[in-house]
Amino acid sequence: MRLKDKVALITGGAGGIGRETALLFAREGARVVIADVDDRSGKRLAGRIERAGGAAAYCRADVSRDGDCASMVAVAEAEFGALHVLFNNAGIMLAEDADAVATSEEVWDRTLAVNLKGVFLGCKHGIPALRRAGGGSVINTASFVALMGAATPQLAYTASKGGVVAMTRELAVIHARENIRVNALCPGPLRTELLMKVLDTARKQQRRLVHIPMGRFGEAREIARAALYLASDESSFVTGTEFVVDGGITAAYVTPEATRPR
Ligand code: NAD
């Protein structure tokens, strides 16, 4: 068991990456707090983990709200006695997010509030709990778009993820001597609701797939496995990284498909 005796808090834990991570962390011995705004899925998931012999609690928390972030950390400590792993994973990508000209101020503000301020608030309330536990691991979900420009404009989303990477680096340095590691996880395009809601036709999906050397979307469980490594003591000397799990997208200038003789 790679997370035996650890308590993990996962924001956006009721769906996509968060859900797969909650299931995997629980199988690896962690007691898991699922924080989300989707009460139905969150409660159902906590029940499923408990029925399988694990330990889980659901806490409603909108990560863009300070009070909610304080509550989710309090739930972890009250239910399970401590906090060792903070996975700031909740994020949104709004369909109306476009280029600088077309993106409304509301879309910009909402995206930054959840994706960037949410990570800040998670750390604001989570880091004192990690200190109380004697240290721990913070994982902040960014994205490959923090590292390269996307042809499909989603400016607010990209800016928010760039902020997550920059903030992660600084937090890693600030807390390095406190036994608190902080890493950004940068997934490539995944077959989860977040992206498939936007890439809602075969043509749109194909436009994205031509950029991925592996020629397929990633699966949430493939990101969960990377989160497990960053959460566990196996990554004890890893901090401040941009941990990229992207099917080769950031390595590519052209894809194998584009270079194949026709
Ligand atoms: P998802 O939409 O499948 O799941 C996101 C979860 O977050 C949902 O359960 C949702 O209810 C919850 N959530 C939304 N707003 C919230 C809020 N304000 N407070 C708390 N919870 C909230 O998405 P996913 O693909 O699993 O994405 C998870 C993270 O991975 C996000 O930060 C996303 O930006 C990032 N990411 C996703 C992809 C991709 O292609 N899917 C790629 C790179 C990065």
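Our subject is the structure listed above.
Definitions and cut-offs
- Residues numbered from 1 in each chain as written.
- Predicted model: local features only at pLDDT ≥ 70, side-chain atom pairs only at ≥ 80, totals over all residues.
- Heavy atoms only, no water.
- Salt bridge = Lys/Arg side-chain N within 4 Å of Asp/Glu carboxyl O.
- Helix = DSSP H or I, 4+ residues; strand = E, 2+ residues; numbered from the N terminus.
- Buried < 20%, exposed > 50% of the residue type's maximum accessible area, 1.4 Å probe, protein only.
- Pairing = 2+ DSSP bridges.
- Axes fitted to C-alpha atoms, helices over the stretch in contact; angles between N-to-C directions.
- Parallel < 35°, antiparallel > 145°, perpendicular 65-115°, else oblique.
- Left-handed = near helix turned anticlockwise from the far one by under 90°.
- Contact = heavy atoms within 4.5 Å.
- Nonpolar A, V, L, I, M, F, W, Y, C, P; charged D, E, K, R; others polar.
- Phe/Tyr/Trp six-rings, centres within 6.5 Å; stacked < 30°, edge-to-face > 60°.
- Near = heavy atom within 4 Å.
- Polar contact = N/O pair within 3.5 Å; in protein donor to acceptor, adjacent residues only side chain to side chain.
- Areas by Shrake-Rupley, 256 points an atom, 1.4 Å probe, with all protein chains shown as cover.
- Core = buried A, V, L, I, M, F, W, Y, C linked by side-chain atoms within 4.5 Å.

Quick look at the pattern of salt bridges now. All told, the structure shown has 12 salt bridges when counted by the stated rule. Note that Glu-77 and Arg-132 form a salt bridge whose closest N and O atoms lie 2.9 Å from each other. Placement of the pair is Glu-77 in helix α3 (residues 66–80) and Arg-132 in helix α4 (residues 105–132), with a sequence separation of 55 residues. Exposure remark for Glu-77: the relative accessible area of 23% places this residue in the partly exposed category.

Turning our attention to the pairing of strand β6 (residues 180–187). Of all 8 residues that make up β6, 8 are buried, and the element is covered over most of its length. Neither face of β6 is left uncovered, since the one carrying Ile-180, Val-182, Ala-184 and Cys-186 and the one carrying Arg-181, Asn-183, Leu-185 and Pro-187 both have all their residues buried. Two elements, strand β5 (residues 136–141) and β6, share 6 bridges in a ladder whose sense is parallel. Residue Ile-139 lies in a different strand from β6, and its bridge partner there is Asn-183. Both β6 and strand β7 (residues 242–245) contribute to a ladder of 4 bridges, which runs parallel. Looking at the pairing, Leu-185 lines up with Phe-243 of β7.

Let's shift gears to the packing of helix α1 (residues 16–27) against helix α8 (residues 220–231). Following both chains from N to C, one finds α1 and α8 inclined at 55°, their axes separated by 8 Å at the closest point. It follows from the interaxial angle that α1 and α8 lie oblique. The interaxial crossing formed by α1 with α8 has right-handed handedness. Contacts between α1 and α8 involve Gly-16, Ile-17, Glu-20, Thr-21, Leu-24 and Phe-25 from the first element and Ala-220, Arg-221, Ile-223, Ala-224, Arg-225, Ala-227, Leu-228 and Ala-231 from the second. Residue composition of the contact of α1 with α8, grouped by class: 9 nonpolar, 2 polar and 3 charged.

Under the defined criterion, the tally for this structure stands at 1 aromatic pair. Between the aromatic rings of Tyr-229 and Phe-243, the centroid separation amounts to 5.7 Å while the plane-to-plane angle is 35°, which identifies the pairing as tilted. Taken together, the residues Tyr-229 in helix α8 and Phe-243 in strand β7 connect sequence positions 14 residues apart. Classification of Tyr-229 by relative accessible area gives partly exposed; the value is 25%.

It is worth spelling out the site of the ligand at this point. Near the ligand, the surroundings consist of 30 residues, among which Ile-17, Asp-36, Tyr-157, Leu-190 and Thr-192 are the closest. Between Asp-36 and the ligand, the recorded distance is 2.6 Å, taken from a side-chain N or O atom to an oxygen atom. Within the side chain of Asp-62, an N or O atom sits 2.9 Å from a nitrogen atom of the ligand. Protein chains shield 92% of the accessible area of the ligand, which is 840 Å² for the free molecule. Sorting the residues of the shell around the ligand by element identifies α1, α4, α5 (155–175) and α6 (193–196) as the ones contributing at least two each. No other element matches the 3 residues that α6 contributes to the shell around the ligand.

Once that is clear, we can look at the nonpolar core. The nonpolar side chains of soluble globular proteins are, as a tendency, buried together. Formed by 34 residues in total, the largest nonpolar core has its most connected members in Leu-9, Met-72, Leu-83 and Val-138. Breaking this core down by element, the ones donating at least two residues are β1 (7–11), β2 (31–36), β3 (55–60), α3, α4, α5 and β6. Considering each element in turn, this core owes the most residues, 7 residues, to α4. The contact partners of Met-72, leaving out residues within four places of it in the chain, are Leu-9, Thr-11, Val-33, Ala-35, Cys-59, Ala-61 and Gly-122.

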